[in-house]
Structure formats: C-alpha cells, structure tokens
Amino acid sequence: MPIEPARLELLSALARKVLWLSSWTIHHANHIRPNVDGLKVGGHQASSASLANIMSALYFAVLRPQDRVAVKPHASPVFHAIQYLFGHQTRDKLENFRGYKGAQSYPSRTKDADDVDFSTGSVGLGVAQTLFSSLVQDYVTAHGWMKDRSEGRMIALVGDAEMDEGNIFEALLEGWKHGLRNTWWVVDYNRQSLDAVVREGLWAKFESMFRNFGWEVVIVKYGRLMQAAFAEPGGEALRRWIDNCPNQMYAALCFQGGAAFRKHLQDDIGDQGQVSQLIDRRSDDELLALMSNLGGHDMASMIEAFEAIDHDRPVCFIAYTIKGVGLPMQGHKDNHAGLMTVAQMEKWRGAQNIRPGHEWEKFEGLSKAPAELEAFLAAAPFNQEGRRRLTADVIDVPQQLAFKPAAQMSTQQGFGLVLNELARGDSELAARIVTVSPDVTVSTNLGAWVNRRGLFAKAENHDLFRQEKIPSTFNWDYSPKGQHLELGIAEMNLFIMLSALGLSHAINGERLLPIGTLYDPFIERGLDAMNYACYQDARFMVVATPSGITLAPEGGAHQSIATPLIGMAQDGLASFEPAFVDELAVIMGWGFRHMQGEAGEGGSVYLRLSTRTLDQPQRIMAPELQRDITEGAYWLREPGPNCDIVIAYTGAVAPEAIEAVGFIGESHRDVGLLAVTSADRLHAGWSAARNLRRERRGIQYLSHVEKLLAPLPRDCGIVTVIDGHPAALGWLGSVRGHRLEALGVEQFGQTGTIRDLYRHYGIDANAIIDAAESLTVGAPVRHRKMAV
Ligand SMILES: Cc1ncc(C[n+]2csc(CCOP(=O)(O)OP(=O)(O)O)c2C)c(N)n1
Ligand SMILES: [Mg+2]
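Right, let's walk through the structure included here. (Residues numbered from 1 in each chain as written. Chains lettered and ligands numbered in written order. Predicted model: local features only at pLDDT ≥ 70, side-chain atom pairs only at ≥ 80, totals over all residues. Heavy atoms only, no water.)

A closer look at the pairing of strand 7 (residues 433-438)
Regular strands have side chains that alternate between both faces of the sheet.
Next up, step 1: Of all six residues in strand 7, six are buried, a share of seventy percent or more.
Next up, step 2: The side-chain alternation of strand 7 yields two buried faces, one formed by Ile-433, Thr-435 and Ser-437 and the other by Val-434, Val-436 and Pro-438.
Next up, step 3: The pairing of strand 7 with strand 11 (residues 513-518) spans four bridges and is classified as parallel. Looking at strand 11, one finds that Val-434 is bridged to Pro-514.
Next up, step 4: When strand 7 meets strand 10 (residues 484-487), the two strands line up parallel, connected through four bridges. Note that in strand 10 the partner of Ser-437 across the bridge is Glu-486. (Buried < 20%, exposed > 50% of the residue type's maximum accessible area, 1.4 Å probe, protein only. Helix = DSSP H or I, 4+ residues; strand = E, 2+ residues; numbered from the N terminus. Pairing = 2+ DSSP bridges.)

Some points on helix 17 (residues 411-424)
Next up, step 1: An ideal rise of 1.5 Å per residue puts 20 Å on 14 residues; helix 17 measures up with 20 Å between its terminal C-alpha atoms.
Next up, step 2: In terms of burial, helix 17 is largely enclosed, as 10 of its 14 residues are buried.
Next up, step 3: Buried residues of helix 17: Thr-411, Gln-412, Gly-414, Phe-415, Gly-416, Val-418, Leu-419, Asn-420, Leu-422 and Ala-423, and no others. (Expected span 1.5 Å × (residues − 1).)

A look at the coordination of the magnesium ion (ligand 2)
Next up, step 1: The magnesium ion (ligand 2) binds to the protein through Asp-160 (OD), Asn-190 (OD1) and Gln-192 (O); the donor distances cover 2.0 to 2.2 Å.
Next up, step 2: The sequence motif formed by the donor residues of the magnesium ion (ligand 2) is D-x29-N-x1-Q. Here Asn-190 lies in the loop between strand 3 (183-189) and helix 7 (202-212) and Asp-160 lies in the loop between strand 2 (154-159) and helix 6 (166-177), a separation of 30 residues in the sequence.
Next up, step 3: Judged by relative accessible area, Asp-160 falls into the buried class, the value being 2%.
Next up, step 4: What makes Asn-190 buried here is its relative accessible area of 7%. (Donors = N, O, S within 2.8 Å, 3.2 Å for Na, K, Ca; no water.)

Re the site of ligand 1
Next up, step 1: Taken together, 17 residues lie around ligand 1, and Lys-72, Asp-160, Asn-190, Gln-192 and Lys-323 are the ones closest in.
Next up, step 2: A distance of 2.6 Å separates an oxygen atom of ligand 1 from a polar atom in the side chain of Lys-72.
Next up, step 3: Expressed as a share of its isolated accessible area of 590 Å², the protein-covered part of ligand 1 is 76%.
Next up, step 4: A class-by-class count of the residues in the shell around ligand 1 yields three nonpolar, nine polar and five charged. (Near = heavy atom within 4 Å. Polar contact = N/O pair within 3.5 Å; in protein donor to acceptor, adjacent residues only side chain to side chain. Areas by Shrake-Rupley, 256 points an atom, 1.4 Å probe, with all protein chains shown as cover. Nonpolar A, V, L, I, M, F, W, Y, C, P; charged D, E, K, R; others polar.)

Thoughts on the packing of helix 1 (residues 5-32) against helix 15 (residues 342-351)
Describing two packed helices takes the angle between their axes plus the distance from one axis to the other.
Next up, step 1: Their axes nearest at 12 Å, the elements helix 1 and helix 15 cross at an angle of 150°. As far as their axial angle goes, helix 15 and helix 1 are roughly antiparallel. Handedness of the crossing formed by helix 1 with helix 15: left-handed. Mapping the contact onto sequence places Leu-19, Trp-20, Ser-23, Trp-24, His-27 and His-31 in helix 1 and Val-342, Met-345, Trp-348 and Arg-349 in helix 15. (Axes fitted to C-alpha atoms, helices over the stretch in contact; angles between N-to-C directions. Parallel < 35°, antiparallel > 145°, perpendicular 65-115°, else oblique. Left-handed = near helix turned anticlockwise from the far one by under 90°. Contact = heavy atoms within 4.5 Å.)

Remarks on the sheet that holds strand 3
Next up, step 1: With parallel pairing, the five strands of this open sheet are ordered in space as 1-2-3-5-4. Strands at the two margins of the open sheet, each flanked by one partner only, are strand 1 (68-71) and strand 4 (216-220). Ignoring strand direction, the axes of neighbouring strands in this sheet form an average angle of 15°.
Next up, step 2: Relative to strand 5 (residues 315-320), strand 3 runs parallel, the two sharing six bridges. By the bridge assignment for strand 5, Trp-184 is matched with Val-315.
Next up, step 3: Relative to strand 3, helix 2 (residues 45-62) is tilted by about 150°, and along the sheet it contacts strand 1, strand 2, strand 3 and strand 5.

Thoughts on empty space enclosed by the protein
Next up, step 1: Summed over the entire model, instances satisfying the criterion amount to five cavities of 30 Å³ or more.
Next up, step 2: Its boundaries defined by the atoms lining it, the largest cavity holds a volume of some 110 Å³.
Next up, step 3: What lines the largest cavity is a set of 14 residues, and nearest its centre among them are Pro-564, Ser-575, Phe-576, Glu-577 and Ala-679.
Next up, step 4: Listed by contribution, the elements that provide at least two residues to the lining of the largest cavity are helix 24 (563-569), strand 13 (573-576), strand 14 (604-608) and helix 28 (679-695). (1 Å grid on protein atoms, 1.4 Å probe; cavity = no way out; pocket = protein on both sides within 12 Å on 5 of 7 lines; lining within 4 Å. Points joined across faces, edges and corners; volume = space filled by probe spheres on them.)

Notes on the packing of aromatic side chains
Next up, step 1: Within this structure, the stated rule accounts for 24 aromatic pairs.
Next up, step 2: With centroids separated by 4.9 Å and ring planes inclined at 85°, the aromatic side chains of Tyr-189 and Tyr-320 adopt a geometry described as edge-to-face. On the criterion of sequence distance, the pair formed by Tyr-189 in strand 3 and Tyr-320 in strand 5 is long-range, its members being 131 residues apart. Note on accessibility: Tyr-189 and Tyr-320 belong to one class, buried.
Next up, step 3: Centre to centre, the rings of Phe-576 and Trp-590 are 5.3 Å apart; their planes meet at 70°, and the pair counts as edge-to-face. Here Trp-590 lies in helix 25 (residues 581-594) and Phe-576 lies in strand 13, a separation of 14 residues in the sequence. The residues Phe-576 and Trp-590 share a single accessibility class, namely buried.
Next up, step 4: The aromatic ring of Trp-686 is capped on one face by Arg-690, whose charged end is 4.0 Å from the ring centroid. (Phe/Tyr/Trp six-rings, centres within 6.5 Å; stacked < 30°, edge-to-face > 60°. Lys NZ or Arg CZ within 6 Å of the ring centre and 35° of its normal.)

Written as structure tokens, this is what we have:
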C-alpha cells in the first residue's frame, strides 16, 4: 500500500536527522572532543550513512517491541542516533562516542545503555545470531512458554561484504533444516567493502542462494525519483544505463557528482532525443539527487518493501545503497575510514540549516514542528511496551547432582550419567536444560539424555529404525517437546546457537540452561563465536570431550594443547578440568547456578573432559570439599610440615601424579598432592585478591590458592602436570615464590597408547619424578619400571 504523504514527510525528516546526528557524533569525537592520545578516533561515517535511511524506516515505523535487531557493527552511530531521538541515549554518551564509558564503537548489549538487542563487531556473527534466536523462539513457543507474548522478528542489518563470512552460509543451511521463520536480513548493498568495490552481480548470487534455502528475496533497487524518471519518455534507456553501469563506475560518479554523471550519460547514450531531454531537464544537483535515489535511500520504497511482507517465512531484502550517501565522501572507494574535514562539516551544517551550537538539538533544522516530531516518535510502535529486555526466575539447582557410581569411569562417561539421572527425574532444572551438539551427540555421551528427552523439531518424526524394530542403542525421535537440538558439523553454529539459547531469559523471558558438546580441539574452530557469545553475556555450558593427547588412538590431529589456556583467558567463561566424576557432579551443579548469576557475577562454563577411565575415589562430598573443587583445587594428600615437594595435577593425568607421589614418598616424607580442578578459577581468585588488597590497603584477604600454598616451606618445590600447555599451571610457583617445574604438552601429532604418549611428551610418572628430583636434594627416587 502506498505510504501516506504526511507519514512519509515525518519519516524522511527523521531519517535526515539520523544521518546528521550519526555524522556529527563521529565528527565530534574526531574534531571537537580533545584528543589526548593523538590516535585517530574514527567512527565509520560512510558505512553509517549507508544505513541511516533503512534503519530509520525500521525503527521509526516498522519494528514492534518484540522484534530484535543485530545492527552491522560499523553502523553503531546510526543506532545510537536513533536511540537518542527516542530518548534512550544521552547526549553525554554521544559526545563521548568511542570514549571511556561512552557510546560504543560497535553496538554492545553489555556496555551500551541504549537497549542493544545483539552485540556485533566481528562481522557475520550478529547476522547468524538472529537466525539462531529465531530458532530458539520457536523452541520456547513449542514448549508452551511464550504465554501471552507475541513472537518477534529477528532482523539483521548486513553489510554486503559481510556476506563473505562463511559462518553466515553455515547458519543458512542450519536454518533451512529447522524450518526457519520470522527472520529478516536486510543487505546494505552499497557494493563497497573496507578495501574496495565488490564484484559485479553479487546480488544475483545472493538472490539464487537465498531462494534456494526457501527465503523470499526482495530487491529494492530504485527509489521513487528513479521510478518517476523511468516513467518519463526515454526513462527506459536511463534504467538500462543504470542497470549496466559497473559498480566501480557508479561509485566513482556518485563521488564526482551531477556534472560527471551528465557527461558519462551523454558519452554512453549519445543524443537520443527523449532520454537526452530527460537528462537535460535536470540541473547537476537534481541529476545527482536522481542518480543517488537508490531504493535503500528512499523512505517510501523501504517502508513499502517492509510492510508488504505478510507471512513469517524468512526474507532477505537486498537494498541498493551508496556508501557515504549525502556526504562529500559518497561512493569513494577509500571512504571506509574517511572522515569529513572541519570545512566540509561546516558547509554541510549550513545546508542542513543547523545553527552553530545547536548541533545536538533533536529537531534543529527540520521544517516540521518539534511537537509533531516528538509525538510521532512517542507513538512509534517499537516504543509501546517500555523495557524490551526481559528477565526470568532462577531455576532451583539441588545441592548435589546424583549419578550412578561405578568403581572406574571417565569424566565423559560421568557427564552422561549425571544427565541421565536428571533426564529420569521431573525437576524444573531438567525441563529447562536444552542440549545441542554438532553431530557428536553420541560420541560425547549425550545418548542417554537424548533417549529419554528426545530431539526437538516443530513436527513429530519418529525413529524409523525403532518402528521397524531394528536394534539400535539410540532412539532418534523428534517432537516439539524434545530437548536436544541436533546441528550439522559446524562449530561456529554450535556457539552461536549457544549464544542464542543462553540469552533466552533476556529475549524471551524464559530461562533455558543450554549445554553444548563438542570435541575439545574444535573449540578453536568456533572460538570467535564462543568469544562473541561470552561478550554479550549469553549463559551456557560447553562440554568438550575428548581432550588432550589422552584421546591417544583417536589420532594426532584431534589432540588439543591450547584449550586449557583458552579456558583461562576467555572472559565470561569459568573453565574446569576435573579428574573424577564426583568432582564433575559438583562442578555441574555449581555451573547451573553460575549460569543464572547476576550480570557481572554469573557466566558460562567450560568443562574439559576425557574418555580415559580412572579408578574413582570412594569419599563423602563434604561441603568444604565441594567448595574447594569449585574454587579450583584441594589437597588430595595434605603436605606435611617438612614437605619439600608438591605435585599439582589437573585432569586425566591424576593416576600418573598419584603414582609419582607414591614413589617419591618412599624417600621424601610429607609430599603433598594438589588436585587442581580449575586453573582458571584458582588464577582468577588470586588476581581478584591482589586487586582487592591494592584497592583496600591493609586488608588481610587471601585467595584460595594462597591459603592452600601458605603452609608450604619456602624451599619446597612444585611439579605441575597437565595434559595441555604447561603454562596453564606454571604460574603456581609465583603465588608464594616456590621453584616450579611445569610439565605438559607443547607439541602434538603422535598417535599411540596413553602410556606411549605420556612417556613421549614427558607427562608420565617418571617424568614427574625426574622433575621432582631436579627441585629437591637427597637420595634419588626409585622410578617406575618401563615395559619395553
Ligand atoms: C571478522 C571481522 N573481520 C574484519 C573486520 C573489519 N571490517 C569491519 S567492516 C569491514 C568491511 C565491511 O564491508 P561491508 O560489510 O560491505 O559494510 P560497509 O562498510 O559497506 O558498510 C571489515 C573488513 C571485522 N569487523 N570483523
Ligand atoms: Mg558494503
């Protein structure tokens, strides 16, 4: 339906204001705010201008409160300008754009105050996040939890060069498998990337690809002015010229202006009567306005395109735009980091009727009455329900999670047993758990859980093998009540799905407790997506198994070395590597609570598990032991008063550490054995204590690791051992100044038995004994006899 003229006028005025405010915000940060560092502040004026009209159409007219948006990272100034007009962003934060605690360079859920739905920054990830958030909304709907809330559309504003990111294609395929709905991707088709102008004809590739995946594709190429000109005599020839003009040439002419367009049109078309008259009727300025009137810059065209969608199938809008439209840098291939000069800004300010000193005024220079604009903004559908960020109650987690014990088990097995026990019960905790795995459900031990809780799909689909009575260990029944989401083998998808599931409390007002499983080395495959999920404070548990070189015969290619360090270094992720299943059960319980903690306190959890079967300790899980396990370490064997050597181990190498302590104990009394369940938590506690002591001089507070190591004599040596990079535990010597030998794995690639590999890489009992001897004096220690 054609848009009413009065509404169009108001929307166009606001879009002009958004372009002004976003450009002014960047200009202010670069030219007006004192620059103390001498570094360029930057801010992406051209990329922002490209989207100012499209985003204004969305926010001021099309979006409803339940819709959620991922904005192309470098259009952050446009987002902030829109929120400023809505009254959700302060002038102070805009003046401090890209400054300390100012409006963020890229929209940030956690750092910005103006209601960012999805953080963006690393291109491609926000786009996929909208797709997975839509699938999560379907999950919540199918489980009957949407209550009286309406389903929202998940919308991404995508740069055309951003479409090169592979994770977008991975997500598309996954979306198709799961019957994606309610998702709009709006491609800002300015045909420019950071470095250059993009390939010709990309739109056609996008179009066929999206159609292939069942999306509707809407191409918004010509604005109203263009359409009117095409209807004039000779207009068809003009349209043909535009359609055939190479991207580089069009961009260059947009930069050069109306006279350059005229010359090229004349040279190319020649004197052809009607079309020549069509061009001659326009001044240079009018000709430039006509040629810049691509669909993405035309309010009426965008509103009509958006409002024409009357179904919930996914839609890709390809909106033609000009990078930097309306600014002196428009179309220039180098404009990505371009900034307007002070003189250019002065000139543009004059053209906008903005008086010096009134640059931040919301309606300065617009011909519409401020009261009318204010009323229009207040009535925008997007704003009708107040706070859009939702909350959900905390789900109760029992003090101890049960599992069926066995004398010998691996932590991976234990993980399956804990989940199986939860699946058997009817707790709210179990109801809120949702598992997800990229084609390694069975091999990461989720099988028992899935057998009991089923796979999720919007429609029932029974396991044919079972119906045909063919024996199979796994029951692969799909239903809307299922609690496992099976993904294809794409770890980026796994982490973005975890990100979407882990924000359900804030987006859908319904808490989910997502658990994702994968092989440990493939964390690196999805690392940027995991970082992204943590950055926006999504809450999930990632269970990585098998890990290290301990997966021995699985092969050298699958060994992981760096992941313990990743676990320590990743902000927002508490990582654990227990050796025994009773420790794991404690950690999982803590993890489910941690995943529900307040912002700044809670976070996500990473469990690095193993397939190695170990003898399990028979012990009572006293509350102090539970606390020590979650704080990161406990004494498996307390050091005596004359302790001169401590062995500290993490994870699957526990038997080697225990064995070495046995041998060393024959000639050294009082040897201590420290079980480190989380190098990450232990280190974080130590850093926090140091910060606290610095902040509050005189305070006596000691961290967990400082208390554990306090009784050790000054000249005691420490040997650390982990199936991972030795630096993960090597820092323990600095806590109280003890000499330390750190054993671990620094190369990878050998296959063999666990014993072969532990010997090869020097993390077996003999290597531990050798290291201990190098730190102590006295008689040599008897070594384990090697079977040759
Ligand atoms: C993963 C990742 N790689 C590189 C960048 C740096 N970068 C920011 S914007 C951009 C180009 C984007 O081009 P396009 O998506 O077409 O947006 P436009 O600049 O045209 O608005 C690049 C390479 C990034 N933000 N994220
Ligand atoms: Mg682009």
